[in-house]
Amino acid sequence: MNKAIILCTAAAGMAAVVACKSNADSNLQAKVDEYAVVEVSSPLLETLSDKDMQVLNLFRSAGRIMDDLFWQQTFGDKSLMEGLADPAARDFAMINYGPWDRLDDNAPFVDGYGPKPLGANYYPSDITAEEFAAFDDPDKNSLYTVLRRDGDGGLKCVWYHDEYKEELDQVCRYLEEAASITENEGLKNYLLKRVKAFRTDDYLESDMAWMDMKDSKIDIVIGPIENYDDKLNESKAAYECFILLKDEERSADLAKYVSMLPELQKMLPCEPEYKTFVPGTSSDLNVYDAIYYSGDCNAGSKTIAINLPNDERVHAAKGTRRLQLYNSMKAKFGKILLPIGRLLVEPGQQKHLRDEAFFWNVTFHEVAHGLGVKETVNGKGSVDEALGTERTTWEEAKADILGLFMVCKLIDMNEIPLITKEDAITTYIAGLVRSVRFGSASSHGRANMMCYNFMKEHGAFTRNKDGQYHIDYEKALQAIDDWAALILKVQAEGDYEFAKEYAARNAVIPEALSADIANVNAHDIPRDIRFDFVW
Ligand SMILES: [Zn+2]
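Keep in mind that this is a model prediction, so the values were computed, not measured.

1. Considering unusual backbone geometry
No. 1: Omega for the peptide link from L308 to P309 comes to -5 degrees, which places this bond in the cis form.
No. 2: Take P309: it is sitting in the loop between β9 (305-308) and α13 (312-318).
No. 3: Despite not being glycine, A120 shows a phi value in the positive range, around 45 degrees.
No. 4: Structurally, A120 is set in the loop between β3 (107-108) and α6 (129-134).

Here is the structure:
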């Protein structure tokens, strides 16, 4: 670092300046390359009718406008970034929707830009938390208003349907046309209600209609949805769009597994009194290929599963829909997890790194949240109440290990045909390394570390003479049972003291793993993916 500065400043003249500039460029190019390019299409497209394809093309046109609107929300004038002379800076700005690096706490990477305003462009750039608090307007916390300066320099609320009227009118025209073409009544109903929502910023009815849409092969999530981009108040919703194709075969398999949950619950390796809870079998969990992402969901890190809508009134009336995005999982596996596994797992066991196993492990993590115990067995109330600040960490650890437990059981029962238990376990262990690459501060990260350390201490894996992981599958299976048993006991007994003390000792990254992560980082393995839509 110091050396580079000395070289740049000491040697006056063009050559030195050019050298420093290209050095900066190559750093940014390296950051662009940390996002592996994935060509997005889907074999499911071939099963669609001409009308379905027309609908998809209209969805895509509407999705492009969501992208433009998100640029306005999170940054402002996109053309400023498109006009950057340095191609690497331009590419990186397109990935991040602005001059701030989303995987590095929004650090600015374009000259002339300071820290990202907390309120992005949802608020005037000079607003302070005090000014916002003092502003008296019932609409100021709405998900669907922006705050702007009025003529006197004060604040005013503007509804999204006014602020972005021209663009939203065009979105509505696309969706109305799609509604007139589709032959699926559920989709048509949802689209028409969504049009109304775009024009009024009242999304409730359209969210309800989306919950009722059970049999459409094609789907679209579109609108202002998540509020994480607003770091000032976490209240303003960001525009985004996913276009999705339902994988009916995998969805049917999954529905069958969910119907087997009561049976699987009885197999859990724990005391009978810890498994009296009967899991629900009606959860709305389906598998999709995501063929288009735009706006908020396309910025920085890409999601591989969706759980929507967010409106609690909809949860109370109809629950939520959970969508597992098969092709995006497969892409993350191929571009990130597989290279990590090839680096760390001994060559003879690398054949067990399988995308299909990754898909089922991740999917059954979701399913497993519905298994186990919900109420303590000793009058301490619900597990959540009893475990307090430790509840999420232990719940995530439970979902992880019971997910793997179920995958292994279903393989034993010949219900999951394409993979072996060795595949599930090897892919799971490589996945733990992938997940702590960016730290273990979150509940998920802490849970992953407890799982990793338990497996290691129980001999599920050791290091061979080259320092690579050698997995002992017998011991791994025993460790899965023992770890599941311990977690279920802690939850059922609501043992907060033990939970806290155990996590403090075990939710840590051991030294050898830190070295593995450094090794991964030294090998230019991508951190995330970006999309090239080729349909
Ligand atoms: Zn979870």
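2. Observations regarding the sheet that holds strand β8 (residues 285-295)
No. 1: Taken together, five strands build an open sheet; the order of strands is β6-β7-β8-β10-β9 and the sheet is mixed. Unpaired on one side and paired on the other, β6 (218-226) and β9 mark the two borders of the sheet. Pairs of neighbouring strands in the sheet enclose a mean axial angle of 35 degrees, with direction left out of account.
No. 2: Where β8 and strand β10 (residues 321-325) come together, four bridges link them in parallel fashion. What sits directly across from Y288, in β10, is L325.
No. 3: Those strands touched by helix α3 (residues 50-74) are β6, β7 (238-246) and β8, and its axis lies near 155 degrees from that of β7.
No. 4: Where helix α14 (residues 326-344) meets the sheet, it contacts β8 and β10, and its direction lies at approximately 75 degrees from that of β8.

3. Here we look at the coordination of the zinc ion
No. 1: Around the zinc ion, the protein supplies H365 (NE2), H369 (NE2) and E396 (OE) as donor atoms, at distances of 2.1 to 2.2 Å.
No. 2: When the donor residues of the zinc ion are listed from N- to C-terminus, their spacing reads H-x3-H-x26-E. With H365 in helix α15 (residues 355-368) and E396 in helix α17 (residues 391-412), the pair connects residues that are 31 residues apart, well separated along the chain.

4. Notes on the pattern of salt bridges
No. 1: For the structure on display, the rule yields 30 salt bridges.
No. 2: Residues E415 and K256 are paired through a salt bridge, measuring 2.9 Å at the closest nitrogen-oxygen approach. In this pair, E415 is assigned in the loop between α17 and α18 (421-435) and K256 in helix α11 (residues 248-259), connecting sequence segments 159 residues apart.
No. 3: Since its relative accessible area comes to 22%, E415 is described here as partly exposed.
No. 4: Where R322 meets E366, a salt bridge forms, and the shortest distance between an N and an O atom there is 3.9 Å. You can see R322 sitting in strand β10 and its partner E366 sitting in helix α15, a full 44 residues away along the chain.
No. 5: According to the relative accessible area criterion, R322 is buried, its value standing at 16%.

Quick notes on the rules
- Residues numbered from 1 in each chain as written.
- Predicted model: local features only at pLDDT ≥ 70, side-chain atom pairs only at ≥ 80, totals over all residues.
- Heavy atoms only, no water.
- Helix = DSSP H or I, 4+ residues; strand = E, 2+ residues; numbered from the N terminus.
- Pairing = 2+ DSSP bridges.
- Axes fitted to C-alpha atoms, helices over the stretch in contact; angles between N-to-C directions.
- Contact = heavy atoms within 4.5 Å.
- Donors = N, O, S within 2.8 Å, 3.2 Å for Na, K, Ca; no water.
- Salt bridge = Lys/Arg side-chain N within 4 Å of Asp/Glu carboxyl O.
- Buried < 20%, exposed > 50% of the residue type's maximum accessible area, 1.4 Å probe, protein only.

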